[in-house]
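Survey of secondary and tertiary structure
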Amino acid sequence: MVSGRWRTLALVLVAIGALAWALTQFRHAGPSNPLTDPASVERELLADEPGGALSRTIKQTFPDEFKALTAAVVARARDGGGPAEVQETAGAFISKATLRHAPELARAPVGALRAYLATQIALAEALSATSPERCAAYFADPLEGENWYAPDLRARYLRQNIALWQAAAAARDTPVDRMIPAPSPKPVSCAEGLDALKRTAALPDTQFEQAYPAML
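A short tour of the structure in this document, coming up. These figures come from a predicted structure and were not determined experimentally.

**Observations regarding the side chain of Gln120**
One can find Gln120 in helix H6 (residues 110–130). Relative accessible area serves as the criterion here: at 0%, Gln120 is assigned to the buried category. A polar contact is formed between the side chain of Gln120 and the side chain of Tyr212, at a distance of 2.5 Å.

Right under this line is the structure:
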């Protein structure tokens, strides 16, 4: 089996870049700064692509947190922060929120867990086809080498992050009380990691919901 906590960190890095990118694209309109206008910040976060899909998911599943994200961006801008400072603020907010919600997946319904796993497999397959080295790094330590978050894979990382937030919301709304096994060790290669994900996906629901939480 494969430990999954470290994979969440990879998602955090991509989420930071995706959401913050929308904010750095803002243009000043005369003397006013769109970054200090909550409506403008929300509109840009929701409309940006590809990060807008994640923004829309957060607003739908955890609306209070989306409001807090918008407020944090506005507050930093009103304190004199430019796009770089705002990007750092948005990134820190999303990082903390994603890491906070990740453990909640262990209580999510089977359907939400399978949806999340499907995005993991799709991403790992793409990494494997693109570069065995990048795939191995993904399974071993996602904090090494940020350059492997290439634009051609960003959408897959975002889909996995979206599935994480959706599963966390499902765990909140319809939590499953299950025994959580000890975390599984990290895989030693791309092939081992991908094989573990696929073998887990093939398990019947009863076995799946006991085995997969150890990988989260």
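Picking up after the structure, the text goes on.
**Details of the nonpolar core**
Ranked by internal contacts, the top residues of the largest apolar core, which has 49 residues, are Val73, Leu105, Leu127, Tyr138, Trp165, Leu197 and Tyr212. The leading source of residues in this core is helix H8 (residues 151–173), at twelve residues.

**A few points about the packing of helix H4 (residues 63–78) against helix H5 (residues 83–101)**
Here H4 crosses H5 at 155°, and the two axes come no closer than 9 Å. The orientation of H4 with respect to H5, classified from their angle, is roughly antiparallel. Crossing of H4 over H5 shows right-handed handedness. Residues Glu65, Ala68, Leu69, Ala72, Val73, Arg76 and Ala77 of H4 lie in contact with H5, whose contacting residues are Glu85, Val86, Thr89, Ala90, Phe93, Ile94, Ala97, Arg100 and His101. In terms of residue class, the contact of H4 with H5 is built from ten nonpolar, two polar and four charged.

Cut-offs used in this document
- For every chain, the first residue of the written sequence is number 1, and numbering continues from 1 onward in sequence order.
- In keeping with the predicted nature of the model, local features appear solely for residues at pLDDT of at least 70, side-chain atom pairs appear and are counted solely at 80 or more, and the whole-chain, interface and lining totals rest on all residues.
- Think of the side-chain values as coming from all heavy atoms in the structure, minus any hydrogens and water.
- Only DSSP runs of H or I covering at least 4 residues are called helices, and only runs of E covering at least 2 are called strands; the numbering of each starts at the N terminus.
- Burial here depends on accessible area, computed with a 1.4 Å probe over protein chains only, as a share of the maximum for the residue type. Under 20% is buried, over 50% is exposed, and the range in between is partly exposed.
- Side-chain atoms alone can form a polar contact between residues adjacent in sequence; in general such a contact is a pair of N or O atoms within 3.5 Å, and within protein one must be able to donate a hydrogen while the other accepts it.
- Think of a nonpolar core as a cluster: buried Ala, Val, Leu, Ile, Met, Phe, Trp, Tyr and Cys residues, connected wherever their side-chain atoms sit within 4.5 Å.
- For helices, the fitted line uses only the C-alpha atoms of the stretch in contact; every axis is such a line through C-alpha atoms, and the angle between N-to-C directions lies from 0 to 180 degrees.
- Roughly parallel covers angles under 35 degrees, roughly antiparallel covers those over 145, roughly perpendicular covers 65 to 115, and oblique covers all other angles.
- Put simply, a crossing is left-handed when the front helix is turned counterclockwise from the back one by less than a right angle, and right-handed when it is turned clockwise.
- By definition in these notes, contact holds between two residues if any of their heavy atoms fall within 4.5 Å.
- In the scheme used here, Gly and all other residues not listed as nonpolar or charged are polar, with Ala, Val, Leu, Ile, Met, Phe, Trp, Tyr, Cys and Pro taken as nonpolar and Asp, Glu, Lys and Arg as charged.

By themselves, these are just geometric observations and shouldn't be taken as functional.
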